[in-house]
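So you can see what is in the structure, the chains are spelled out below.
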Amino acid sequence: MVIDSPHATHKYLRRISRDFSTVRRFSNTPAVTLTVPSTAPAPVALVGPEDLPSTPRGIRKRQRLRKRSSVSSTLSKVLILNVRDLLRAQANSESTVEHQPRSWIETNFQKRECIKFIPCPKDDTKCCCGQAQITHQTIAGIESGSPGDLWLPTKHTRPQPTDAYGTIEFQGGAHPTKAQYVRLSFDTRPELLVQLFTKEWNLELPKLLITVQGGKANFDLQAKLKKEIRKGLLKAAKTTGAWIFTGGTNTGVTKQVGDALLLEGQQRTGRVVSIGIAPWGIVERNHELLGHNREVPCHSISSPRSKLAVLNNRHAYFLLVDNGTQAKYGAELILRRKLEKFISNLKLHPFTHSSTPVVCLVIEGGTNTIRAVLEYVTDSPPVPVVVCDGSGRAADLLAFVHKYASDGEEQPVLESMREYLIGTIQKTFEVGVDQAEKLYQELLQCTRNKNLITVFRIQEKPEGEAQELDQTILTALFKSQHLSPPEQLSLALTWNRVDIARSEIFVYGQEWPNGALDEAMMQALEHDRIDFVKLLLENGVSMKKFLTIPRLEELYNTKHGPANTLGYILRDVRPHIPKGYIYTLHDIGLVINKLMGGAYRSYYTRRKFRPIYAKVMNSYANACRKSSSYQYQRYAGANSLSLVTGLLPFTTEMALFEFPFNELLIWAVLTKRQQMALLMWTHGEEALAKSLVACKLYKAMAHEAAEDDLDTEIYEELRSYAKEFESKGNKLLDFSYRQDAEKAQRLLTCELHSWSNQSCLSLAVAANHRALLAHPCSQVILADLWMGGLRTRKNTNFKVILGLIMPLYIRQLDFKSKEELQQMPQTEEEHLENQNLDNDDSDRSQPDAENALLKAKRSISLRYRMGAGSNNRDKALLADTYSVRDTKVHENGKVSLTDSDPSQFREFFHLSEFSNEIKQHQPLRLKKKFYEFYTAPITKFWADSIAYMFFLIMFSFTVLVKMGPMPRWQEWYSIAYITTLGFEKVREIISSEPVAITHKFSVWAWNMWNPCDGAAIILFLIGLSFRFRPNTMDIGRVIYCVDSIYWYLRILNILGVNKYLGPLVTMMGKMVKNMIYFVVLLAVVLMSFGVSRQAILYPNNEPTWRLIREVTYQPYFMLYGEVFADDIDPPCGEDPRQPACVTGHWVTPITMSMYLLIANILLINLLIAVFNNIFNEVNSVSHQVWMFQRFTVVMEYQQKPVLPPPFIAFCHFYSLLKYCVRKAKGEPGMSKFSFVP
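Criteria and cut-off values
Residues numbered from 1 in each chain as written. Predicted model: local features only at pLDDT ≥ 70, side-chain atom pairs only at ≥ 80, totals over all residues. Heavy atoms only, no water. Helix = DSSP H or I, 4+ residues; strand = E, 2+ residues; numbered from the N terminus. Buried < 20%, exposed > 50% of the residue type's maximum accessible area, 1.4 Å probe, protein only. Areas by Shrake-Rupley, 256 points an atom, 1.4 Å probe, with all protein chains shown as cover. Salt bridge = Lys/Arg side-chain N within 4 Å of Asp/Glu carboxyl O. Pairing = 2+ DSSP bridges. Axes fitted to C-alpha atoms, helices over the stretch in contact; angles between N-to-C directions. Phe/Tyr/Trp six-rings, centres within 6.5 Å; stacked < 30°, edge-to-face > 60°. Lys NZ or Arg CZ within 6 Å of the ring centre and 35° of its normal. Expected span 1.5 Å × (residues − 1). Parallel < 35°, antiparallel > 145°, perpendicular 65-115°, else oblique. Nonpolar A, V, L, I, M, F, W, Y, C, P; charged D, E, K, R; others polar. Patch = residues over 30% accessible without salt bridge, like charges linked within 9 Å, V, L, I, M, F, W, Y side chains within 5 Å. Lys, Arg positive; Asp, Glu negative; His and termini not counted. Charge placed at Lys NZ, Arg CZ, Asp CG, Glu CD. Left-handed = near helix turned anticlockwise from the far one by under 90°. Contact = heavy atoms within 4.5 Å. Polar contact = N/O pair within 3.5 Å; in protein donor to acceptor, adjacent residues only side chain to side chain. Core = buried A, V, L, I, M, F, W, Y, C linked by side-chain atoms within 4.5 Å.

Trainee: Sorry, what's going on with the overall build of the protein here?
Mentor: Secondary structure assignment for the protein yields 50 helices and 14 strands. Per-residue burial over the protein gives 49% buried out of 1237 residues. Of the roughly 62200 Å² of accessible surface on the protein, a fraction of 56% belongs to carbon and sulfur atoms.

Trainee: Honestly, the pattern of salt bridges in this entry has me stumped. Any pointers?
Mentor: Between side chains of opposite charge, a pair can form when the charged atoms approach closely. If you walk through the whole model with that rule in mind, you get 46 salt bridges. Residues Asp163 and Arg183 are paired through a salt bridge, measuring 3.0 Å at the closest nitrogen-oxygen approach. Of this pair, Asp163 sits in the loop between strand S2 (157–161) and strand S3 (164–171) while Arg183 sits in strand S4 (residues 177–185), placing them 20 residues apart in sequence. A relative accessible area of 12% places Asp163 in the buried class. Residue class for Arg183 comes out buried when judged on its relative accessible area of 7%. The partner of Lys1200 in a salt bridge is Glu988, with the nearest N and O atoms 3.8 Å apart. Here the residue Lys1200 occupies a position in the loop between helix H49 (1182–1199) and helix H50 (1208–1225), and Glu988 occupies one in helix H40 (residues 969–990), the gap between them amounting to 212 residues. Here Lys1200 and Glu988 have matching classes, each one buried. Within this structure, Lys231, Lys235, Glu468, Asp470, Arg497 and Asp499 form a network of salt bridges that share partners.

Trainee: Looking at this model, I keep getting lost on the sheet that holds strand S11 (residues 385–388). Mind explaining?
Mentor: For sheets, the rule is that strands pair by backbone hydrogen bonds, running either parallel or antiparallel. Spatial strand order, S8-S3-S4-S9-S7-S6-S5-S10-S11-S12: 10 strands in an open sheet with mixed pairing. The sheet terminates laterally at strand S8 (291–299) and strand S12 (453–456), the two strands that pair on one side only. Recorded for the sheet is a direction-independent mean angle of 25 degrees between the axes of neighbouring strands. As paired strands, strand S5 (residues 209–214) and strand S10 (residues 358–363) are joined by 6 bridges and run parallel to one another. Looking at the pairing, Gln213 lines up with Val362 of S10.

Trainee: So what exactly am I meant to see when it comes to the packing of aromatic side chains here?
Mentor: For any two aromatic rings, the description comes down to two numbers: the centre-to-centre distance and the angle of the planes. Following the criterion strictly, the structure yields 37 aromatic pairs and no others. Judged by centre distance (5.8 Å) and plane angle (40 degrees), the rings of Phe478 and Trp495 are tilted. Highlighted residues: Phe478 in helix H14 (residues 469–481) and Trp495 in helix H15 (residues 485–495), separated in sequence by 17 residues. For Trp495, a relative accessible area of 0% gives the class buried. With a centroid separation of 5.2 Å and an interplanar angle of 75 degrees, the aromatic rings of Tyr1116 and Tyr1120 are classed as edge-to-face. Using a relative accessible area of 58% as the deciding quantity, one classes Tyr1120 as exposed. Each member of the aromatic cluster is reached from another via a ring pair, and the members are Tyr948, Phe951, Phe955, Tyr977, Trp1009, Phe1020, Tyr1040, Tyr1046 and Trp1047. In this structure, Arg571 packs its charged tip against the face of Tyr568, placed 5.5 Å from the ring centre. The residue whose ring lies beneath Arg1109 is Tyr1113, and the NZ or CZ to ring-centre distance is 4.3 Å.

Trainee: Sorry, what's going on with unusual backbone geometry here?
Mentor: Excluding glycine, a negative phi dihedral is what most residues carry, and trans is how most peptide bonds are arranged. Following Ser380, the chain continues to Pro381 via a peptide bond in cis, the omega torsion being -5 degrees. Within the secondary structure layout, Pro381 lies in the loop between helix H9 (367–378) and S11. The phi dihedral of Arg393 falls on the positive side, at around 45 degrees, and the residue is not glycine. By secondary structure assignment, the location of Arg393 is in helix H10 (residues 393–404). For Asn496, which is not glycine, the phi torsion reads 60 degrees and is therefore positive.

Trainee: I keep staring at helix H39 (residues 937–960) and nothing clicks. Help me out?
Mentor: In an α-helix there are 3.6 residues to a turn, and that puts residues three or four apart on one side. Its 24 residues give H39 an end-to-end C-alpha distance of 34 Å, which sits within 8% of 34 Å, the value for a rise of 1.5 Å per residue. Where burial is concerned, most of H39 is hidden: 17 out of the 24 residues are buried.

Trainee: Got a minute to help me understand the packing of helix H45 (residues 1061–1097) against helix H48 (residues 1147–1180) in this structure?
Mentor: Packed helices, taken two at a time, are described by the angle their axes make and the gap between the axes. Here H45 crosses H48 at 170 degrees, and the two axes come no closer than 10 Å. By the angle between their directions, the pair H45 and H48 is classed as roughly antiparallel. Taken together, the residues of the contact of H45 with H48 sort by class into 27 nonpolar, 4 polar and 3 charged.

Trainee: Looking at this model, I keep getting lost on a nonpolar patch on the surface. Mind explaining?
Mentor: A contiguous nonpolar surface patch, about 430 Å² in accessible area, is contributed by Leu1019, Val1038, Val1042, Ile1045 and Leu1049. Here the nonpolar patch gets 4 residues from one element, more than from any other, and that element is helix H43 (residues 1033–1049). For Ile1045, the position within the fold is in helix H43. Judged by its relative accessible area of 53%, Ile1045 is exposed.

Trainee: Is there a simple way to explain the pairing of S12 in this structure?
Mentor: Taken residue by residue, a regular strand's side chains alternate between the two faces of the sheet. Of the two faces of S12, the one lined by Ile453 and Val455 and the one lined by Thr454 and Phe456 are each fully buried. Alignment of S11 against S12, held across 4 bridges, turns out to be parallel. When the bridges of S12 are listed, Val387 appears paired with Val455.

Trainee: Please explain the environment of Ile139 as it appears in this structure.
Mentor: Structurally, Ile139 can be placed in the loop between strand S1 (110–114) and helix H4 (153–156). For the pair Ile139 and Ile115, spaced 24 residues apart in sequence, the C-alpha to C-alpha distance is 6.7 Å.

Trainee: So what exactly am I meant to see when it comes to the pairing of strand S7 (residues 273–279) here?
Mentor: In terms of burial, S7 is a largely internal element, 7 of the 7 residues being buried. In S7, alternate side chains face the same way, and those of Val273, Ile275, Ile277 and Pro279 on one face and Ser274, Gly276 and Ala278 on the other are all buried. In the sheet, strand S6 (residues 243–246) pairs with S7 via 4 bridges, with the strands oriented parallel. Each bridged residue has a counterpart across the sheet, and for Phe245 the counterpart in S7 is Ile275.

Trainee: Would you explain the environment of Pro513 in this entry?
Mentor: Examined against the element boundaries, Pro513 turns out to sit in the loop between helix H16 (498–505) and helix H17 (516–526). Considered as a pair, Pro513 and Pro485 are 28 residues apart in the sequence and their alpha carbons are 9.0 Å apart.

Trainee: Help me understand a negative patch on the surface in this model?
Mentor: Taken together, Asp572, Glu707, Asp708 and Asp709 make up a surface patch of like negative charges. In this structure, Asp572 sits in helix H21 (residues 566–573).

Trainee: Any chance you could explain the packing of H9 against helix H13 (residues 433–447) here in plain terms?
Mentor: Two numbers describe how H9 lies on H13: the axes approach to 9 Å, and their chain directions differ by 30 degrees. Between H9 and H13, the interaxial angle falls into the category roughly parallel. Remark: the crossing between H9 and H13 carries left-handed chirality. Listed contacts from H13 to Thr367, Ile370, Arg371, Val373, Leu374 and Val377 of H9 are Gln435, Leu439, Glu442, Leu443, Gln445 and Cys446.

Trainee: So what exactly am I meant to see when it comes to the side chain of Lys111 here?
Mentor: In this structure, Lys111 sits in strand S1. A distance of 2.9 Å separates a polar atom in the side chain of Lys111 from a polar atom in the side chain of Asp163.

Trainee: It is not clear to me how the environment of Trp243 should be interpreted in this structure. Could you clarify?
Mentor: One can find Trp243 in strand S6. When near neighbours in sequence (up to four residues on either side) are disregarded, Trp243 contacts Phe197, Leu203, Glu204, Leu205, Pro206, Leu208, Leu209, Ile210, Val273, Ile275 and Ile343.

Trainee: How should the nonpolar core be read in this particular structure?
Mentor: Looking at soluble globular proteins, one finds that nonpolar side chains tend to be buried together. Core analysis: the biggest nonpolar cluster contains 176 residues, and Leu525, Leu670 and Trp1047 have the highest contact counts within it. Looking at which element gives the most residues to this core, the answer is helix H27 (residues 687–707), with 12 residues. Dropping the residues within four chain positions of it, Leu525 is found in contact with Val533, Met543, Phe546, Leu555, Leu664, Trp667, Arg673, Met676 and Met680. Phe109, Ile275, Val385 and Leu443 belong to the second-largest nonpolar core, a separate cluster that totals 61 residues.

Encoded structure:
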């Protein structure tokens, strides 16, 4: 039996005393005196075996003597065993205490025990502390007091380490609820309690403290008022991150608060921090809570006859205050008020001057509630009070007095109602006249601080006009604390109550100090306060002035906000990052480049940004060092940068971001703040580009999350965010296209300087946004690009082929006018060529004035970019009567032309002074026609296809006929074709946009056909080297033959342009990719059968490489139906001419049947099912797949040279010559391509 507390030890010793009394009655011996220890650790003086009385002698009757002796000896033995167990338990517990260190709670918190018995005047058998005399603890040297003595907890109790703390598990509900508790002394220091909350119970400091005062006895509320109080209190606590202080017991006002918390528990959206502060002595069955860090089951059901109370099971934390009394209230009052005052002096966070606000909520209540309200409003600093009118007793009296109180010292109205009020107080609280007079005076004193008391009343107003309880509480705080507007805004931000900020702070005529709103914007962005960002933008915050390099860098390094995967991705671009590393914008730029892929280069990683970044950060650091109110802590906590940034003067050097919402959108996406990203998308410019960039970033982040084996939920969440932006981009383009088709087309093709000089079309390809590329607006552009300068209605492909065969037929083709060509997207190289051709024509045929006009027009066209911010000066010249024929793409892939409304162009371009001088529909000259025909992508495609088919015929002839020592002209043609094709691949790599050669190669290899072409070219060159040697000519011919396989498969790349064959080619690619996984499974099954079969049938094979063929040869072909029937179970041993049977030969047919069952039936059919799924998936979006592939082909042939291989060598020589001439003249070479109108 283990005794783990002094109180239990005393009870056990008293039971032993009763046992000795029983022994004395049976044995007629003197009673044995037990000395009860005064302190728990002191040794217990108990009787031993030698101290027990012996059997009495001299009894008259032996029979009775033997009977009494047997009873006495039996009881004595039982008693000896009990005492021995007690001594052993005491010794064990003492040794345990000596060897186990006490916890932090035991070290810092104490309980209180009364050590002096002072009789109570009403009952002299009880002490003033509430304990009975027989159970009261006594200590040697301390005598009992007299009935008239004053009992004081500080004088007549002693502290000891607490013996009750742990977890209460409330039973009786659908799910048990748990609460932390601790027993502590009434004089515990409040800083220890705050440390208990934050360190031991892991609570965040409150942003608001709501202390609820009211009656201890149970009462009923009006149904409507009860609903409003529950809803308002819960909303105020949850939206502001508040703590709620109550009495903790399941009675009175605490029970009403517990009912509100019950509703909160049903919502399951996070538990409100509710702390019950109750006296230890009034808790029913408090002895069950004794123990160190225990988990105690408990029921919140009190005994009907008990004067004690049970704890409310909806609270999360309990402070059980002990002052040595039993069954008495009041022990917690001093501690509760000290704790409230200490919390009110805590700062909300290190860089805000506002302290934690405290508000008192009064519901019903008795006389003590009025005194508590008086103490709150007269304290320094005062605490605002919110009184719920209609809840009863003290609350109704306070509301009534507040209603008729005047602002001055004199209260004539209340003085006239003095008798009425005193009578009401007597009836309400059932007190005498003297006490009622005293309460009346306390009510008058409360009215002297009328501004600190706010009354909440239920009024019959239309919904939306009546103020709710949570608004009343927060508004009372603003009215009472006299905070400056920035402090009020900071407080509202901390609470995340934009409604309070809108109604109480941003009022008409409010003046703001310089930088105050910027600091609020920084807090709103860091803490992901979407509504506050909207509110601040509405009230004049300029993002262009707000967003600087230091602030943006701080936003990336903030610890607030949702969890994100930025750190994982940063480790890929910055390996070996130390702990606590501060991200720089260059690091973020590397992350953006990695996620965007391709040729995208973030502004943060460009050379021109680096000196600007260094200059701004150096000046920023110097300003930080010179600031007297700030010690430079570059790598310190969260808000270290934003405070000094607000002190710095705004300069053009710091405002480096022309489109700040673009930068904030990327920040929000990378830190996984979807709602903030959507807000930044709705503000600023380039909404379509922003949606495409966000879509691409989210998709890349989802891919990285899958690669890093993060939670599936993260992957799904990022994919859903990407789909949301994908949908918004498509809807935006559709809306723009319906409003103005011409502007929508320009929107897609214009170069965006803020997005790495990309266009919306290229961003859509990077984001794999098939829906946007399949949009009619995109397809109209692609159709115009594909046709180039041609305008044909029917039989376009036939006319192009005929023009290639007979160049004179080009004169009969219809071409677009010069004005239409000016509006088409074109590469920079094409623009220079067109400029040279137009200059030659203009010098010969145009007057000087018109020639100058066209030059101005070309220069304007050259400068026009979507993101350049020069919309007023960059305009094209169009006549009033100019009409344009738009290219439309139908569902079947046909291209047709329709007339468009010329008013669209007149609305968009306004250079009317030149409009009458421009000739309409100027026809192209013959030289220009030939140039437009041969540079059109459709012409390049058919020329390349015809040349490729001719190459295949020549190459096939080369490998099919006998190869002589010297190549025939067919082979020379094949060699020239493949060699020039190799040079073209090298040109593609060099002319790509990235700077680093590795990045160029990765961009070039993005198209699967490019690396395959490179491998086939290298293989051909290896075969060519063998072919020219007589002794290895046959090896070279075999390499030729193997290489020809790929060149025939490459026809699939040409067929991908077709509307019907393109999706099928895509299906083939996906099926091949999925088939690789099944090949692994098949290889496992094949090897398991092949090895066992070969080993059983041929046990005497010598080690040779041919064994690999024997193991895999027959099992592999069995997959296709060739079962090798003669080799399944060959005859053996039946005839002398037959070979002897090998051991286990009968096993082979059994294993083969199992192999065919698994491989042929199970795996092959599973592979067919997967292929069928791929077919259905691609077939459902076949139109989008074809349009997406069409864009890739158009862009590829838009940038190809005019002549196909092997004649492409002339183009390479011409380009190289032009490059050398430009270098000699000091002009930049055109190594990249971009769209210009």
